[in-house]
Structure formats: C-alpha cells, structure tokens
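Here is what each chain is made of, one letter per residue.
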Amino acid sequence: MDIQLDPARDDLPLMANTSHILVKHYVLDLDVDFESQVIEGTIVLFLEDGKRFKKQNSSVEEACQSESNKACKFGMPEPCHIPVTNARTFSSEMEYNDFAICSKGEKDTSDKDGNHDNQEHASGISSSKYCCDTGNHGSEDFLLVLDCCDLSVLKVEEVDVAAVPGLEKFTRSPELTVVSEEFRNQIVHELVTLPANRWREQLDYYACCSQAPGCGELLFDTDTWSLQIRKTGAQTATDFPHAIRIWYKTKPEGRSVTWTSDQSGRPCVYTVGSPINNRALFPCQEPPVAMSTWQATVRAAASFVLMSGENSAKPTQLWEGCSSWYYYVTMPMPASTFTIAVGYWTEMKMETCSSNDLATERPFSPSEADFRHVGVCSHMEYPCRFQNASATTQEIIPHRVFAPVCLTGACQETLLRLIPPCLSAAHSILGTHPFSRLDVLIVPANFPSLGMASPHIVFLSQSILTGGSHLCGTRLCHEIAHAWFGLAIGARDWTEEWLSEGFATHLEDVFWAAAQQLDPHEAREQQELRACLRWRRLQDEMQCSPEEMQVLRPSKDKTGHTSDSGASVIKHGLNPEKIFMQVHYLKGYFLLRFLTKRLGDETYFSFLRKFVHTFHGQLILSQDFLQMLLENIPEEKRLELSVENIYQDWLESSGIPKPLQRERRAGAECRLARQVRAEVTKWIRVNRRPRKRKRREKEDVFEKVRHRWCELIVKHKFTKAYKSVERFLQEDQERPQRDSFIRLLLAWGTRLELTLDIKGGIMWLLKPSAHSPVHVLVLLFPRGWSQPGTHKRQILVNAASLPGGCLLPWIWSGAALGF
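Just so you know, the residues in each chain are numbered from 1, in the order the chain's sequence is written. Reporting of local features is limited, given that this is a predicted model, to residues whose pLDDT is at least 70; pairs of side-chain atoms are given and counted only at 80 or more, and all residues count toward the totals for whole chains, interfaces and linings. Each side-chain value is derived from all of the structure's non-hydrogen atoms; neither hydrogens nor water enter the calculation.

Peer 1: Break down unusual backbone geometry for me, with residues and values.
Peer 2: Negative phi is the rule for most residues except glycine; trans is the rule for most peptide bonds. The backbone phi angle of Asp 150 is positive, close to 60 degrees, even though this residue is not glycine. Numbering of helices and strands starts at the N terminus; helices are DSSP runs of H or I of at least 4 residues and strands are runs of E of at least 2. Mapped onto the fold, Asp 150 is located in the loop between β4 (143-147) and β5 (151-159). A positive phi angle, close to 65 degrees, is found at His 572, a residue other than glycine. Turning to its location among the elements, His 572 is positioned in the loop between β23 (568-570) and α14 (583-599). Partly exposed describes any residue whose relative accessible area lies between the buried limit of under 20% and the exposed limit of over 50%, with all areas from a 1.4 Å probe on protein chains only and scaled to the type maximum. Residue His 572 is classed as buried on the basis of its relative accessible area of 7%.

What follows is the structure, encoded as structure tokens:
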C-alpha cells in the first residue's frame, strides 16, 4: 500500500526531560465528578536528580549481579491503611494552617483552555525555547518538562517537606540546619532512597509530605504536549525543588479517560490505554525509563473505584453518597501503566470454593523468616515477590471480579470459574506471579479492544462472555501473561511492542492448554490450529498495511536512543491505523514459535523462567532477550542462529519473514486443522447446492426475511432488485410465503416485470367465489421441466385488473401456455 505518513501527525512525542531529573513517586488526591465529567485535585511529585539516580542505580545493579554478594532481604507489602485527608479541607488544627489551593478573590489568569501560566511572572517562558535542551543554560533557569495534554493546570508550587515533623532526621549533613532548598532536597533524596523493608514508613511520610504547606509558587507554561515548570534562580536539576504540588483538572474531551455509561445505564469513567497514555489524566513523565511508584486517594459518588494498587481498597464513607478509596504501589513502573476505573459495578464471588483453593488464594502476611534467599534480583530495590518464599509458591493470587449488574449471570457462568485454573497454569509455566492480587472488570461496550492488562487489574470486553469458555479463557490467559511480559518486564522502547504482545500471544496458547489440562498431543493440535488461523490473519495484514508499519524494530540501531534531555518520539505512535494492526502480535508470536520449535518446549520454557527471574522489574530491548537466549542454548541447537540474523529476518524487515514462509510451505497440517478444513469445505459445497423444496417450519426464518425483502422491493418499485424477486420465486415456489406474496401483489395493484429463464410454468387459479369466473395469473416457469432449450420471456403481471381470492396452484408445461 502506498500511504504517505506524516511524522508531525503520526509520531507521538515524549517530551519529559528524564535524563536530567526523574519522578520517583506520585501522590494523587482526586475528586471524580460524573456530572461535569471532570477529575480534579492535586498531584505531588517527588523528584531525584537524574545524574545522581543513575550513579546510585548503577551501583545497585553491580552489587546485585556480583556472585559474592548475598541476596538482599526485602520486606513484602501488606494492606496499608493510611488516612489521607482531603487536601482542600485541611484544617488549621492540623498544623499546616497555610495550606490552600488559592485565596478567595484571587484573580483568574487562566487562558482559553483553562491553563494558568503565571503570565505576570513567566511571560518570558516559550515552549519552543525550552523543548530541545532543558539542562543547565548558564544564566537561564532549569526547566522541568512533564508530558501533559488535555489538562487545565491551575497552579504549581514547591512543597515545604521540612515542615513535616520527624523528617529532619533524614538530613545527614549537620551543617544543614537552616531550612533551604538544599535542606529540603536532602530530605526528599533520603526519603526516596529508603530501603525496601521500610516501605510502610516511606508511604506514611509521602502522605504527610503531600499535605505539607507550599513554600512558593513556581512558574509554568503549557503547550500541546507538555507542562514546563521552572523556579527563578534554580539553574540545575540539583537546585530545582524536589517536591512540587500541581493543582489541575481534566477535561471531558481528554483522551486518556472515557466518560460513558455501563451496560446497565450507570455512569462510569475509565482509562482506555489510548496512544497518549496517561498524560491527559495527570502530568507525568511518560518515557518508560521514568519508573516510579505511586499512591492515590480518590473520592467519588460511586460503588467502586478500581486502580492499579497492591491493596484491595475498601471504601471509606465521607458523607452520604460519597466515599474515598486509597491505593498504593511499591514496585516502580512506568506512569503509562497506571489505570483507574470508577463506576457502579457489582462484585462477584465464587458460589463454592474448595478447601484447596482457599488455602492457595489466602492473602499472606510474611514474616522476616519468609525473606530467605530465593535468587538474586537485578532490578532497583523494592519489596519484590521473587524474594519471598511464600509468594513463589502461590499458584492462585487473590482476585476479584466486577461487572455491571446486567452481566453478573454471564460472568458467574463463564468468567469466574476460569480465573483460578488460568492463574494456576500461568504459575506452572513461568513461576512467581509478579503482582500480589488481581481485579478483573467487564468494561463498558465502547471499550475498543477485547482486553487490557495493567498492574493488579485487567479490563475485559463483554464480547468474551458470549463466545463460550474458549474465547473467554484464551483472552484471560493473554492478559494474565502481560503480568510478566509488558508489566514486570517492559520494553525500554515503545516501538518494540512485540516484546509485550508477541510474548502474550504465544503464551496464551500455552497457558490455556495447561488450564484445560490437555494432554501434549491435544495441546499441540489445538496450538497448530490456532497457528493456521494466525497465519491467515498475518497474510491479510501484510496485504492491507503500509510496509513501514510492518517492521517490529522500526528504529533499528537507534532503538532505545533518546535526545540529550531524554525526550524522544514514538514512530507511528499516533497513526490511526496502528490501533487496528496486529503485526506486533502475529510476527512476534511466529518468531517465538519458531524459536520454541528450534529449541524444544522443555529447553525454551526452562530458559524463559530463567529470563523472567533475571529481568523482572526492568526494561529490556530485543537484544537483551535474544542474546541471553543464544547464550543459554546448546551449540548444536543454534544452527546459524544469531542476533543479526533474527534482526534481519524477523525484526527489521517488512512482509512475511522468510523462515516463516519456508516453514508454512514445508509443514504438514495437523489432524485437527485438516478436520476443520474438511468441515468448512463441506459446508461451502453444501451451501452452493440448490435449496431443498421441503423444510420444517423452524428452518424458515431466513426464507421469511427474503419474503419480506421481496415485498418491500415490489411495494416501492425498486426495479434494480427485481432479480431478488425472481430468485425467491424460483427457489421457494412451494412455500406458503409465495401465496401471501401473490396476495400482496394483488392488493398493491403492482405491474411487475420479470425476465425469467423459462423451462415450464406455474399457473394460479384465482377463484374469488364459487360463482366467479376463473382468472389465470402466470408468474413463473420453474426449472426442472423437460422443455428443450432455455428461453427468455418478459412476464407482465397487472394485479390491479385481477380480482382477489384464494389461490390454487396449477402446473402446466411451458408449451401448453404457448411460450
């Protein structure tokens, strides 16, 4: 296809200057208003100098990868209930008496989009001036750039973390006695670098800091894709405030969330995983390298707020009709993985549950004895489940299912019973579940996909409930697989989507076969059949998509590269065709299937478990997977496999990979695929036969539709469709519908002209009464008569000149009627 792609329109910019400064933690305090379709509140960002973080992270990796280093003992998260007060009602009795959004009577300086940009102070800030290079400009101020779109930013201020009692103990430098920028930044640095086993204390301090008073407004400006913040006199990231609060609200048309009604007609809002991710939900750093943790308090007039969080939040009623929910995450992940859904759903539970399931699913409160050596982790420090012996043996993690009330029956019948075996199957293949729990939500009918996975929560389309257990099970397995590939292990460059979707597509077949407890032969046949179907889809995809969008590694040697500031562009990220394409799913799936066949199932999945343990909690590129794979397989199984060859054949070329073409030409179909092919061929052949003359009433539905269609054709004199009437009369001349159709012709007084193939004739005798003369109406000469030759005749039916009455069929040959 020859489609011209416009980089200015099709590519998605990631503007955040992550090379200079990184967000380490977000604290959100939000109100959801269904009436105005707005989410409004504050977000507090805790920042770390990018250079200092890189040094620290590098030393941690070296320590973890050292063979002589002992495994770190991390604490595991448990449900943590932190009372977070609504910041907007923070009273003077709670110590921070100068904490407020804005004073009464303050002049509104918002622009036409609702953005307040400190015009009287920041008139010199220009978007274009600071987009390319946001580091130290000599005499210019340092600029913090956040990804932001479709938001009304109201105010930005520095947070006085030094006002929080108890935090002064985090300052190691005795000379820092006077409250200053350096003093506050030292506190934040010590807070964000607390050891993983102090995660509860860390969350408590984050919550307290988020409610601390402001100590000065910051200058800011917005453009199409970013929010830019600076402080006068702060010329480097080290000098810039490391804790800032942003007051903002979303817009109803914002592309990160969808306001709609569920299938029961109740209002709801949810993140849709749009191409722009979460930048229209809150200002953030979108690049994957900006891995952070978060905690959020959300108030809403709804029955449930579901969110990416390690705790199963329970509502706290604030006043009649409004409750609040609190969630937190201690595993650093990209901000793009944050998900929220607010609505009036019903929670479903299994009606019966075996004692074995109860034992496997129970939440556990790990003691220090649980944190023994399981294997060294290479990621940055956080409370990791892979370091917890109890978590590594937990086959079925705690899970909840939510749906509109009208779909609870379908969920009970189909979905609910499939979750335990699918979770158990995934554990048997890959080992430790990366996340401690799972919520599953049946999203509204306008959801644009079959499913979407986020940390601790999976969205599923209502469509999977109508396809039986197979469709529901395979899709559920696909989304569960994303817990490992896509979330716990993410792509460092978003253009390498196959590292997420290819793995999930390949693993869904393996998980589903294990969940069904199929024997190896049945599992192989089922997987071969699905491979045949995907092969067909891949061929169609290659024919109907631009060549440049068929490449799995479009940036090639520049994959993973960013500008000096950390800003980058996602190639084709905004192309409207991209959301409908499956090339990353299908080509990625066939590459992994090719490698699995080459190595053998046992060798490949043994390696995959090792790979998961090595890279969980980290971001990867294609070469990380391929290099480790080739290093861990025997020489005799490599057979000219190399990273370069795989790049050339599979990842960096358009079209169908040559190894896959050779495999499909040479490979014989499995028995199940041949059986399905034969069945489909048989029905195609049967469908082409002339229809039988006699059928039972329950088989007449289609004929009634055809009958009604012919009535409309005649009534409205739609001459272009007269051939449909001809076919109807030829194929259904002995049906009761034919007689009623003739009566309608009479009633409408229609002059109907049909050109028919005549080999015989049908004549109806119309007898309006016993004393009436007989009137003859000739309509059709059907096939099957022995009249030689085929003749064309035009038959004129002037029904208005004929009296109505009962119809008696009478058959004559064509010759007898003079044709």
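Peer 1: Pulling in residues and values, what's your account of the sheet that holds strand β12 (residues 291-300)?
Peer 2: Strand pairing is defined by DSSP finding a minimum of two bridges between the two strands. If you walk across this open sheet you meet the eight strands as β6-β5-β9-β3-β2-β12-β15-β14, and the pairing is mixed. Each edge of the open sheet is held by one strand with a lone partner, namely β6 (214-217) and β14 (316-319). Between one strand axis and the next, the sheet turns through 25 degrees on average, direction left out of account. Along the sheet face, helix α5 (residues 181-192) touches β2 (21-33), β3 (38-49), β5, β6 and β9 (243-250) and points at about 95 degrees away from the line of β3. We call two residues in contact when some of their heavy atoms are within 4.5 Å. Lines fitted to the C-alpha atoms define the axes, with helices restricted to the stretch that makes contact. Angles between their N-to-C directions range from 0 to 180 degrees. Of the strands in this sheet, β2, β3, β5, β9, β12 and β15 (322-334) touch helix α6 (residues 199-210), which is tilted by about 120 degrees from β15.

Peer 1: A description of the packing of helix α12 (residues 498-516) against α14 should follow, citing residues and the corresponding values.
Peer 2: Running from N to C, α12 and α14 cross one another at 60 degrees; their axes reach a closest spacing of 7 Å. On the basis of their axis angle, the class for α12 and α14 is oblique. As for how α12 packs across α14, the hand of that crossing is right-handed. For the pair α12 and α14, contact is made by Trp 498, Glu 501, Gly 502, Phe 503, Thr 505, His 506 and Asp 509 and by His 584, Tyr 585, Gly 588, Tyr 589, Leu 591, Leu 592, Arg 593 and Thr 596, respectively. Class assignment for the residues of the contact of α12 with α14 results in six nonpolar, six polar and three charged. Orientation labels follow simple angle bins: below 35 degrees gives roughly parallel, above 145 gives roughly antiparallel, 65 to 115 gives roughly perpendicular, and whatever is left gives oblique. Left-handed describes a crossing whose near helix is turned anticlockwise from the far helix through less than a right angle; right-handed describes the clockwise counterpart. All residues other than Ala, Val, Leu, Ile, Met, Phe, Trp, Tyr, Cys, Pro, Asp, Glu, Lys and Arg, Gly among them, are scored as polar; the first ten of these are nonpolar and the last four charged.

Peer 1: Give me the confidence of the model for the protein chain: which residues, what numbers.
Peer 2: In low-pLDDT regions, the fine details of the predicted coordinates are not to be read closely. Every residue gets a pLDDT, meaning the predictor's confidence in that residue, from 0 to 100. Residues with a pLDDT of 70 or more make up 71% of the protein chain, whose mean pLDDT is 78. Taken together, the stretch residues 749-819 has pLDDT below 50 and engages in 158 contacts with residues farther than four places along the chain or on a different chain.

Peer 1: Report on the pairing of β2, specifying residues and quantitative values.
Peer 2: With twelve of its 13 residues buried, β2 lies for the most part within the structure. Here β2 hands over to β3 after four residues, with Gln 37 in that stretch at a positive phi of 55 degrees. Both β2 and β12 contribute to a ladder of eight bridges, which runs parallel. Following the sheet pairing, Leu 30 is matched in β12 by Val 298.

Peer 1: With reference to specific residues and values, describe the state of the cysteines.
Peer 2: The disulfide definition used here is simple: a pair of cysteine sulfur atoms within 2.5 Å. If you walk through the whole model with that rule in mind, you get zero disulfides. In this model Cys 284 remains outside any disulfide bridge; the closest cysteine sulfur is found in Cys 148, 8.4 Å from its own. Using a relative accessible area of 0% as the deciding quantity, one classes Cys 284 as buried.

Peer 1: Residues and numbers for the nonpolar core, please.
Peer 2: Think of a nonpolar core as a cluster: buried Ala, Val, Leu, Ile, Met, Phe, Trp, Tyr and Cys residues, connected wherever their side-chain atoms sit within 4.5 Å. Within the largest apolar cluster, 153 residues are counted, with the highest numbers of intra-cluster contacts made by Tyr 26, Ile 229, Ile 246, Phe 282, Leu 415, Phe 485 and Phe 625. When near neighbours in sequence (up to four residues on either side) are disregarded, Ile 229 contacts Phe 142, Leu 143, Leu 144, Leu 146, Val 156, Leu 218, Leu 219, Phe 220, Phe 240, Ile 244 and Ile 246. Residues Leu 167, Leu 194, Tyr 206 and Ala 243 belong to the second largest nonpolar core, which totals 23 residues.

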